[in-house]
Amino acid sequence: MSQLTDPFGRRIEYVRISVTDRCDLRCFYCMPKGFHDFEEPENWLSFDEITRVIGAFAELGVRRARITGGEPLVRHDLPQLAAQLAALPGIEDLSLSTNAVQLERHAAELHRAGVTRLNVSLDTLDGERFHTITGGGRLDKVLAGLMAAKQAGFAPVKINMVVMKGVNDDEVEAMVDFCIEHDFTLRFIETMPMGDTGRDAANRYVDLREVRERLERRYTLLPGVMPGGGPANYMRVAGTELRIGFITPISQHFCETCNRVRLSVDGTLYMCLGQEHAFELRPLLRAGADAEALKAAILEAIALKPARHEFTEKPSQVMRFMSKTGG
Ligand code: SF4
């Protein structure tokens, strides 16, 4: 049981690890085209430094870790880090979030290294629209990556679709059918005002309660559950194995049950996706801090965790892009 309890009595059981702020796509609601102000490589935490931090979290009771980015597959030798994290005593669940552009090449090795669950960002099944949303990406590569993930034995494979008005909201039913056909789990996500790009996308905000009502006119949705530590509220489509999750940070936020913090590539611990409360771990790591010192720092950091986001009240508060910490 996690000993990490924040000032609001929430147990912190889950760390999301951004291993890079770089990406091989430029989704318009995340990273601006032509953006180059990335973290300098000398400031990136090494795999050993990341493992020391997650090791300290695991000694404090954290059981889940997720590898994210930017796009984590652009960081070289990622299976090596996955193997190190999977071997840590206490870490029971190691997952990965990816845009799957390079997944076909890495799926089998990541699965062998100990990653068991995958979340794949996929906002459209239309090749041209995919090219537009992602600033030049190829849908066929993502689909090949998804098939390779199934082949490699990842279960579940979850599809994350950010629903946007006038962009892809006409594809909700098609995405449901695609996930039924391929036995994927589907999650719909509301846009969040993260950075200027996120704020622009917020103009295309869709309240997922409307999407659920729309789906209920076509499918029978039953209460459903899914393994994992995430905030999604799941329904099952009657007559199928499909679970649909609704991630609603704006219309129905889930901050009361928040169980996570985020580690960015430069060693900054962010207490909340929607706030700037942060704690620098890199100086400590590079000063040779041992596990006890790291654990003391983590406890100090968790004491900073805010109650909730203020995306609605203060939409221009968060300057960093989603790619800085991952979702
Ligand atoms: S917005 Fe912040 S408090 Fe709310 S669920 Fe996300 S990380 Fe937790």
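Look a little higher up for the structure.
Residues numbered from 1 in each chain as written. Predicted model: local features only at pLDDT ≥ 70, side-chain atom pairs only at ≥ 80, totals over all residues. Heavy atoms only, no water.

Quick notes on the pairing of strand E6 (residues 185-189)
Part 1 of the argument: With 5 of 5 residues buried, E6 is to be regarded as a mostly interior element.
Part 2 of the argument: Across the two faces of E6 the burial is the same, with Thr185, Arg187 and Ile189 and Leu186 and Phe188 all buried.
Part 3 of the argument: Strand direction decides the pairing type here: strand E5 (residues 157-162) and E6, joined by 5 bridges, are parallel. Residue pairing in the sheet places Val162 in a bridge with Ile189 of E6.
Part 4 of the argument: Judged from the 4 bridges that link them, E6 and strand E9 (residues 243-247) form a sheet pairing that is parallel. Residue pairing in the sheet places Leu186 in a bridge with Ile244 of E9. (Buried < 20%, exposed > 50% of the residue type's maximum accessible area, 1.4 Å probe, protein only. Helix = DSSP H or I, 4+ residues; strand = E, 2+ residues; numbered from the N terminus. Pairing = 2+ DSSP bridges.)

Points about the packing of aromatic side chains
Part 1 of the argument: Under the defined criterion, the tally for this structure stands at 5 aromatic pairs.
Part 2 of the argument: On the basis of an interplanar angle of 85° and a centroid distance of 5.2 Å, the ring pair of Phe35 and Phe321 is categorised as edge-to-face. With a gap of 286 residues between them, Phe35 in the loop between strand E1 (14-18) and helix H1 (47-59) and Phe321 in the loop between helix H10 (291-302) and helix H11 (322-325) connect regions that are remote in the sequence.
Part 3 of the argument: Between Phe178 and Phe184, the ring centres sit 5.8 Å apart and the planes meet at 45°, which makes this aromatic pair tilted. Phe184 shares its class with Phe178; the two are buried. (Phe/Tyr/Trp six-rings, centres within 6.5 Å; stacked < 30°, edge-to-face > 60°.)

Regarding the site of the ligand
Part 1 of the argument: Within the structure, the ligand sits among Arg10, Phe254, Cys255, Cys258, Arg262, Cys272, Leu273, Lys305, Arg308 and His309.
Part 2 of the argument: Across the shell around the ligand, the residue classes break down as 5 nonpolar, 1 polar and 4 charged. (Near = heavy atom within 4 Å. Nonpolar A, V, L, I, M, F, W, Y, C, P; charged D, E, K, R; others polar.)

Focus: helix H6 (residues 172-182)
One turn of the α-helix equals 3.6 residues, which is why residues spaced by three or four share an orientation.
Part 1 of the argument: Those residues of H6 not exposed but buried are Val172, Glu173, Met175, Val176, Phe178, Cys179 and His182.
Part 2 of the argument: Check the buried side of H6 and you find it contacts helix H5 (139-152), E5, E6, helix H8 (208-216) and E9. (Contact = heavy atoms within 4.5 Å.)

Considering the sheet that holds E5
Part 1 of the argument: Ordered by their spatial adjacency, 12 strands build an open sheet running E7-E8-E9-E6-E5-E4-E3-E2-E1-E10-E11-E12, and the pairing between neighbours is mixed. Bordering the open sheet on either side are strand E7 (221-223) and strand E12 (278-280), each of which pairs with just one other strand. Ignoring strand direction, the axes of neighbouring strands in this sheet form an average angle of 25°.
Part 2 of the argument: Alignment of E1 against strand E10 (residues 260-263), held across 4 bridges, turns out to be parallel. Residue Tyr14 lies in a different strand from E10, and its bridge partner there is Arg260.
Part 3 of the argument: In the packing of H8 onto the sheet, the strands contacted are E6, E7, strand E8 (233-237) and E9, and the crossing angle to E9 comes to about 155°. (Axes fitted to C-alpha atoms, helices over the stretch in contact; angles between N-to-C directions.)

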